[in-house]
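# Fold and geometry: a report
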Amino acid sequence: CESVAGDHFSFLDLENGRTVSMLADGVGTGQEEERESRYLIETMERLLETGISEKQGIRLVNAMMSFSSPKDQFSTLDITSFHRASGNCTFLKMGASTTFIK
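Parameters at a glance
Residues numbered from 1 in each chain as written. Predicted model: local features only at pLDDT ≥ 70, side-chain atom pairs only at ≥ 80, totals over all residues. Heavy atoms only, no water. Helix = DSSP H or I, 4+ residues; strand = E, 2+ residues; numbered from the N terminus. Buried < 20%, exposed > 50% of the residue type's maximum accessible area, 1.4 Å probe, protein only. Areas by Shrake-Rupley, 256 points an atom, 1.4 Å probe, with all protein chains shown as cover. Core = buried A, V, L, I, M, F, W, Y, C linked by side-chain atoms within 4.5 Å. Contact = heavy atoms within 4.5 Å.

## Here we look at the overall build of the protein
From N to C terminus, the protein includes two helices and four strands. Per-residue burial over the protein gives 36% buried out of 102 residues. As presented, the protein carries roughly 6500 Å² of accessible surface, and 53% of it is formed by carbon and sulfur atoms.

Set out below in structure tokens:
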């Protein structure tokens, strides 16, 4: 019965020719879950914009969330990164269940 969803998403075009889409699931609804998933997306955006790779970024935010979250459960993160010229695509996940590609 919450009025605030706990999810956030982002599409980001990087200077290195890659487009990154991200989905953070705050694992529930409410203000706390919304804040956590928004923080996760904004942190990843900043890391990627400074030139850190998607793999390095997800490792950093995973470590940050593990140490800073007082609860056992925190936001999940799905990242799809594709190169606009070559079409190569990478899927990365943090704490989320299986992805199905159809």
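## What to know about the nonpolar core
Formed by 17 residues in total, the largest nonpolar core has its most connected members in Met22, Leu40, Met44, Leu48, Val61, Leu77 and Ile79. Mapped onto this core, the elements with two or more residues apiece are strand 2 (18–29), helix 1 (31–49), helix 2 (54–68), strand 3 (76–83) and strand 4 (89–94). Examining the composition of this core, we find that five residues originate from one element, helix 1, more than from any other. Ignoring sequence-local partners within four residues, the contact set of Val61 consists of Leu40, Thr43, Met44, Leu47, Leu77 and Met94.

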